[in-house]
Amino acid sequence: MKEILQLKRIETKINEMLCPKIDIADLDSNDSGAQLHIYSRALAALAVMQSSNVDAETAAKSVTDGYNDLGIDAVFNDIDQKRLILVQSKWRSGASGGIEHTEMLSFVQGIKSIIGCEISDCNSKLTSKVAEINSALNDVEYQIEAIFCHTGNQRCADFVKKPMMELMGDMNDDGIEMLLFSEFSIADIYKYLAMGNNEIDISIDDVLLENWGFVDNPIRAYYGIMSANVLGEWYVKYGNKLFDKNIRYYKGNTDVNNGIQDVLAREPEKFYYYNNGVKLLCKKIDRKMIGGNENKSGLFHLEGVSLVNGAQTTGSIGTVYQHSPALLANAKILVQMIDLRGEDAESAKQITRLTNTQNRIDSKDFAALDPQQERIKEELLFDSIQYLYKSGATISDYEHQILFDEAIVAQACASGDISLVHLAKQNVGALTDDITKRPYIILFNPSTNSRALVNNVRLLRIVEKYIQSKQKNTEGRQKNILIQGNRVLLYLVLNKVRQNHSKYNSELIKWGEKEGEIYSICDSFVDQMYAVISKDDYSYTYITMFKSQRRTKELIESIEGVQRSGVEGPVHEINTQLTLDLGFK
């Protein structure tokens, strides 16, 4: 009885907020099942709203339900949270039951087809999403969230969920969470609608700050130290609502966030010293009288709370809190709380914008302190090459200048170490995390050859130019492989050329004169990448190929195996001819 009442209320709400916005041009109004389709589509849009916090108009445009939809009823590229959201929805008129096994199988197969770029024969709503899908698949920071939304009252049984769990096992390799799964049943939907999907004011009472202080002018603000557990509780309770005024939401499983969680697990008592803290904007802040004028501890009441700096820190703390709250017992964090009472909306926007853009220091900036960078710069001046290794530098003379940003990637891909090739693709910043340790000192040390570095960079430029030109005539999965495989391709090209050129370390080679031959080498390796990845066992997991170090290694070893075997055929003939044309010795 409770579920029937909840369903009636859900029906009323979606009739009001979503049904008028849903595209139903393909439905027959005389069909007795048309209304069921409309509700199911509205439900898919609601799932997008629930997951991404977008408005009803935007969510309605994400609906792809219809003939030949692959079991995918909505597709949404959430650029704020870097997630590709795929939804299947089922409207259960009786508010009972759950997900059926055949429905889950259809959903899983649809996800595989989306990832495999096999949607050319689908309905126009789905094919119109190709650009959004490819944009997400080609971004190393993106995750895919599969949502099954239904108005049944039962949770998915383990045997029904098994196909999805198997797909997640295939996709989530090397600890990288590429694919997430969520189930929204009638209870979840009702709770979301009951709370209100519009912007809400978060009010928090009894916020405890240790060693607190304040600034009075021009805007009153408080600062102090807070237990990380408190932030964890906030994130679990409010989720991304905490970040409504922020320029970004919590991005989930990124290298930076994994690093934050690692510190919390290993050195929680030092977290305060390693982290920059968080900043809250509040419509109103009242300090309670408990504690008097002592600043050792203070209790505050906050209204209209929005966290405008520290979303990744807060989300990472929340993730740890959900799994192991005890780890946060000794972790502290610096908190700033700004009281916007009496201030206009522009003040909040200005604080948010400048907080997230000023004084940002990347790890690569510390490379400027390495004397090896200056040594390389001085050596290259004798060759009329200007090595720009400090942040903010830009190229004005392409022929006679190279950037550190180019050099670090080229050096990693020329190192022969596949783990560094993987870092160059996944998290290039990790290569400069500490200029006194590996991996940085593998790439830049007293034996680093400045002329070889220039040759590496110039080959990088040719490979990048090749990829850009090739993209124009390539579509679907092959285009995605070309884009995502850029560092693997550079590794293969550098490895081949360096091994076969006796003067690579002693001369600045005029690669521009040999661009056509380098393009042919690229063609050879790209064909081999396509061949390896097109195998059945990689048909839909290919997007993990370049995000998983293990699979990147497998791909490179497969291609290098072909090279070593000297297999007769077009690829072998091309490689032999290139050795002659380039004059390798």
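The sections below set out a description of the structure shown in this document. (Residues numbered from 1 in each chain as written. Predicted model: local features only at pLDDT ≥ 70, side-chain atom pairs only at ≥ 80, totals over all residues. Heavy atoms only, no water.)

1. What about the overall build of the protein?
Here is step 1: In terms of helices and strands, the protein carries 23 helices and 13 strands.
Here is step 2: On C-alpha atoms alone, the protein measures out to a radius of gyration of 28 Å, which is about the 25 Å that the 2.2 N^0.38 rule sets for 585 residues.
Here is step 3: C-alpha atoms of the protein, sized along the principal axes, occupy 80 × 70 × 40 Å.
Here is step 4: Going through the 585 residues of the protein one by one, you find that 51% of them count as buried. (Helix = DSSP H or I, 4+ residues; strand = E, 2+ residues; numbered from the N terminus. Rg over C-alpha atoms; globule rule 2.2 N^0.38 Å. Buried < 20%, exposed > 50% of the residue type's maximum accessible area, 1.4 Å probe, protein only.)

2. Describing helix H13 (residues 345-355)
An α-helical segment advances 3.6 residues per turn. Residues three or four places apart therefore align on the same side.
Here is step 1: Taken together, the buried positions of H13 are occupied by Ser347, Ala348, Ile351, Thr352 and Thr355. Relative to the axis of H13, the buried residues are bounded by an arc of 130° and lie together on one face. Turned more than 90 degrees from where H13 packs its buried face, Ala345 and Lys349 sit exposed.
Here is step 2: For H13, the secondary structure elements touched by its buried residues are strand E7 (278-282), strand E10 (306-309) and strand E11 (332-339). (Arc of directions from axis to C-beta. Contact = heavy atoms within 4.5 Å.)

3. Let's talk about the pairing of strand E3 (residues 143-150)
Here is step 1: E3 sits mainly inside the fold: eight of its eight residues count as buried.
Here is step 2: Residues of E3 alternate between two faces, with Gln143, Glu145, Ile147 and Cys149 on one and Ile144, Ala146, Phe148 and His150 on the opposite face, all of them buried.
Here is step 3: Bridge analysis of strand E2 (residues 83-90) against E3 gives eight bridges, and the strand direction is parallel. Bridging from a neighbouring strand, Lys90 pairs with His150 of E3.
Here is step 4: Pairing analysis gives six bridges linking E3 to strand E4 (residues 179-184), with the strands arranged parallel. Its bridge partner lying in E4, Glu145 is registered against Leu180. (Pairing = 2+ DSSP bridges.)

4. Overview of the sheet that holds strand E8 (residues 284-287)
Here is step 1: Read across the open sheet, the seven strands follow the order E8-E9-E5-E6-E11-E7-E10; overall the sheet is mixed. Of all the strands in the sheet, the pair left with one neighbour each is E8 and E10. For this sheet the average axis-to-axis angle between neighbouring strands, irrespective of direction, equals 40°.
Here is step 2: With five bridges joining them, strand E5 (residues 204-215) and strand E9 (residues 297-303) adopt antiparallel strand pairing. If you follow Leu208 over to E9, its bridge partner there is Leu299.
Here is step 3: Relative to the sheet, helix H9 (residues 228-238) contacts E5, strand E6 (221-227), E7, E9, E10 and E11, its axis offset from that of E6 by approximately 95°.
Here is step 4: Lying over the sheet, helix H12 (residues 311-323) contacts E7, E10 and E11, oriented at roughly 120° with respect to E10. (Axes fitted to C-alpha atoms, helices over the stretch in contact; angles between N-to-C directions.)

5. Considerations on the side chain of Lys125
Here is step 1: Tracing the backbone shows Lys125 in helix H5 (residues 124-127).
Here is step 2: Within the structure, the side chain of Lys125 is placed 3.4 Å from the backbone oxygen of Asp65, a separation counted as a polar contact.
Here is step 3: Apart from the residues lying within four places of it in its own chain, the contact partners of Lys125 are Asp23, Asp26, Arg41, Val63, Thr64 and Asp65. (Polar contact = N/O pair within 3.5 Å; in protein donor to acceptor, adjacent residues only side chain to side chain.)

6. Thoughts on the nonpolar core
Here is step 1: Counting 94 residues, the largest nonpolar core has Met164, Phe444 and Leu489 as its most contacted members.
Here is step 2: What Leu489 contacts, discounting residues up to four positions off in sequence, is Val463, Tyr466, Ile467, Cys522, Phe525, Val526 and Met529.
Here is step 3: By size, the runner-up hydrophobic cluster in this structure holds 35 residues, among which are Ala44, Val87, Trp91 and Ala95. (Core = buried A, V, L, I, M, F, W, Y, C linked by side-chain atoms within 4.5 Å.)

7. Considering the packing of aromatic side chains
Here is step 1: Applying the stated criterion across every chain, the model contains 14 aromatic pairs.
Here is step 2: On the numbers, 5.9 Å between centres and 85° between planes, the contact of Phe107 with Phe148 is edge-to-face. Separated by 41 residues along the polypeptide, Phe107 in helix H4 (residues 101-115) and Phe148 in strand E3 bring together distant segments of the chain.
Here is step 3: Members of the aromatic cluster, each reached through a chain of ring pairs, are Trp212, Phe214, Tyr222 and Phe300.
Here is step 4: A cation over a ring is seen here: Arg220 above Phe214, with NZ or CZ 4.3 Å from the ring centre.
Here is step 5: Over the ring of Tyr398 we find Arg461; its NZ or CZ atom is 4.1 Å from the centre of that ring. (Phe/Tyr/Trp six-rings, centres within 6.5 Å; stacked < 30°, edge-to-face > 60°. Lys NZ or Arg CZ within 6 Å of the ring centre and 35° of its normal.)

8. Thoughts on helix H19 (residues 476-484)
Here is step 1: Among all positions of H19, only Gly476, Asn480, Ile481, Leu482 and Gln484 are buried.
Here is step 2: Buried residues along H19 sit in contact with helix H6 (130-137), helix H16 (418-426), helix H18 (450-471), helix H20 (486-500) and helix H21 (515-533).

9. Considering the state of the cysteines
Here is step 1: Summed over all chains, the structure comprises zero disulfides.
Here is step 2: This cysteine, Cys19, is not joined by any disulfide, and Cys149 carries the nearest cysteine sulfur, 13 Å off.
Here is step 3: The class of Cys19 is buried, set by a relative accessible area of 12%.
Here is step 4: When its relative accessible area of 0% is taken as the criterion, Cys149 is described as buried. (Disulfide = S-S within 2.5 Å.)

10. A look at the environment of Ile509
Here is step 1: Counting through the fold element by element, Ile509 comes out in the loop between H20 and H21.
Here is step 2: In this structure, the C-alpha to C-alpha distance between Ile509 and Ser120, residues 389 residues apart in sequence, is 44 Å.

11. Remarks on the packing of H9 against H12
The description of two packed helices rests on the angle between their axes and on the distance between the axes.
Here is step 1: Close contact between H9 and H12 brings their axes to 8 Å; oriented N to C, the two are set at 90°. Comparing their axes, H12 and H9 come out roughly perpendicular. Between H9 and H12, the residues in contact are Ala228, Asn229, Leu231, Gly232, Glu233, Tyr235 and Val236 and Thr314, Gly315, Ile317, Gly318, Tyr321 and Gln322, respectively.
Here is step 2: Of the residues assigned to the contact of H9 with H12, the class counts are six nonpolar, six polar and one charged. (Parallel < 35°, antiparallel > 145°, perpendicular 65-115°, else oblique. Nonpolar A, V, L, I, M, F, W, Y, C, P; charged D, E, K, R; others polar.)

12. Comments concerning unusual backbone geometry
Here is step 1: Of the consecutive residues Asn217 and Pro218, the connecting peptide bond is found in the cis state with omega at 0°.
Here is step 2: In this fold, Pro218 is placed in the loop between E5 and E6.
Here is step 3: Its identity as a non-glycine residue notwithstanding, Leu70 has a phi of 65°, on the positive side.
Here is step 4: Looking at the secondary structure, you find Leu70 in the loop between helix H3 (56-60) and strand E1 (74-78).
Here is step 5: In the Ramachandran plot, Ser384 falls in the positive-phi region, its phi being about 60° despite a non-glycine side chain.
Here is step 6: Counting through the fold element by element, Ser384 comes out in the loop between helix H14 (371-381) and strand E12 (386-388).

13. Topic: the pattern of salt bridges
Here is step 1: In this structure the tally under the stated criterion is 29 salt bridges.
Here is step 2: Across the pair Asp216 and Arg220 runs a salt bridge whose closest N-O atoms are separated by 2.2 Å.
Here is step 3: Note that Glu464 is salt-bridged to Arg487, the shortest N-O span being 2.6 Å. Residue Glu464 is located in helix H18, and its partner Arg487 is located in helix H20; the two are separated by 23 residues in the primary sequence.
Here is step 4: On the accessibility criterion, Glu464 (22% relative accessible area) is partly exposed.
Here is step 5: One connected set of salt bridges, linked through shared partners, spans Asp26, Arg41, Asp65 and Lys125. (Salt bridge = Lys/Arg side-chain N within 4 Å of Asp/Glu carboxyl O.)

Without other data, these values stay purely geometric and don't point to any function.
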